[in-house]
Amino acid sequence: MSNSTPQTPVTTTSLRIGNGYDIHRLVPGRPLILGGQQLEHPAGLGLDGHSDADVLVHAIMDALLGALSLGDIGKYFPPDDPQWKGADSLVLLEQVVALVKARGWGVVNVDAVLIAERPKLKPHIEAMRSAIALRIGVAPDQVGVKATTNEKLGPEGREEGISCQAVALLQAC
Ligand code: MG
């Protein structure tokens, strides 16, 4: 065996996994939109960004793109492009899903965790899951959205921003 040439195993991969991460600053005078839902922050803060700054949807988009090694959302929706100013991120999500489908892949499930000190996100989780599932074209039980505080640690804990981590699993169709 020591003299044998290493062989690249031939595989027919029918599953791909991707992960995504995003963070946006909390600032006064901006809406707080997460999973397409407009929420009220107790201190009147919202997320800063070129689009609607929906970190949840952005992290999911990056997970979907990452699963196919297609780069990140900045490649498709550059923050210096005026056409994406104030963009509804759910519409951008639809475009990413169309890209995935055009390459012959379907979404098995996505799962995400939002990291935010405030506001309480639990009452809005189901609406977020439904809105995201609708745009992906899957059932709400294929979209996991969870929320945690950061125990007052780090930028999320100091309410300087809200971040999100997501994974997506795709299958060849
Ligand atoms: Mg973003």
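Keep in mind that this is a model prediction, so the values were computed, not measured.

Draft legend 1. Expanded view of the pairing of strand β5 (residues 105-115). With respect to burial, β5 is a largely interior element, 8 of its 11 residues being buried. The pairing of β5 with strand β7 (residues 161-172) spans 10 bridges and is antiparallel. When the bridges of β7 are listed, Trp-105 appears paired with Ala-172. For the segment spanning β5, helix α4 (residues 125-136) and strand β6 (residues 143-148), crossover handedness is right-handed.

Draft legend 2. Representation of the packing of aromatic side chains in the model. One pass over the structure, following the stated rule, counts 1 aromatic pair. With a centroid separation of 4.9 Å and 90 degrees between ring planes, the pair formed by Phe-77 and Trp-84 is classed as edge-to-face. Taken individually, Phe-77 and Trp-84 each receive the classification buried, so the pair is uniform in this respect.

Draft legend 3. Representation of the pairing of β7 within the structure. Pairing geometry for strand β1 (residues 15-28) and β7, over 11 bridges, is antiparallel. From the neighbouring strand, Asp-22 faces β7, where its bridge partner is Cys-164.

Draft legend 4. Looking closely at helix α1 (residues 55-67). Between its first and last C-alpha atoms α1 spans 18 Å; for 13 residues at 1.5 Å apiece the expected length is 18 Å, and the two agree. With 12 of 13 residues buried, α1 lies mostly within the body of the structure. Val-55, Leu-56, Val-57, His-58, Ala-59, Ile-60, Met-61, Asp-62, Ala-63, Leu-64, Leu-65 and Ala-67 are the residues of α1 that are buried. Immediately downstream of α1, the backbone of Ser-69 shows phi near 55 degrees, a positive value.

Draft legend 5. Summary view of the environment of Gly-154. Relative to the elements of secondary structure, Gly-154 occurs in helix α5 (residues 154-157). A residue is classified by how much of its surface remains accessible, and Gly-154, at 24% relative accessible area, is partly exposed. Sequence spacing of Gly-154 and Val-96 is 58 residues, and the spatial spacing of their C-alpha atoms is 31 Å.

Draft legend 6. Structural context of the coordination of the magnesium ion. Coordination of the magnesium ion by the protein comes from Asp-22 (OD), His-24 (NE2) and His-58 (ND1), over a distance range of 2.1 to 2.3 Å. Positions of the donor residues of the magnesium ion, expressed as sequence spacing, correspond to D-x1-H-x33-H. For the pair Asp-22 and His-24, a shared accessibility class is recorded, and that class is buried.

Draft legend 7. The arrangement of the sheet that holds β7 in detail. Strand order in the open sheet formed by 5 strands is β4-β1-β7-β5-β6, and the pairing between neighbours is mixed. If you trace the sheet from one side to the other, it starts and ends with β4 (45-47) and β6, each paired once. Adjacent strand axes in the sheet meet at a mean angle of 20 degrees, parallel and antiparallel pairs treated alike. α4 rests against β5 and β6 of the sheet, and its axis sits at about 145 degrees to β6.

Reading the values: rules and limits
- Residues numbered from 1 in each chain as written.
- Predicted model: local features only at pLDDT ≥ 70, side-chain atom pairs only at ≥ 80, totals over all residues.
- Heavy atoms only, no water.
- Buried < 20%, exposed > 50% of the residue type's maximum accessible area, 1.4 Å probe, protein only.
- Helix = DSSP H or I, 4+ residues; strand = E, 2+ residues; numbered from the N terminus.
- Pairing = 2+ DSSP bridges.
- Right-handed = clockwise from strand over helix to strand, strands pointing away.
- Phe/Tyr/Trp six-rings, centres within 6.5 Å; stacked < 30°, edge-to-face > 60°.
- Expected span 1.5 Å × (residues − 1).
- Donors = N, O, S within 2.8 Å, 3.2 Å for Na, K, Ca; no water.
- Axes fitted to C-alpha atoms, helices over the stretch in contact; angles between N-to-C directions.
- Contact = heavy atoms within 4.5 Å.

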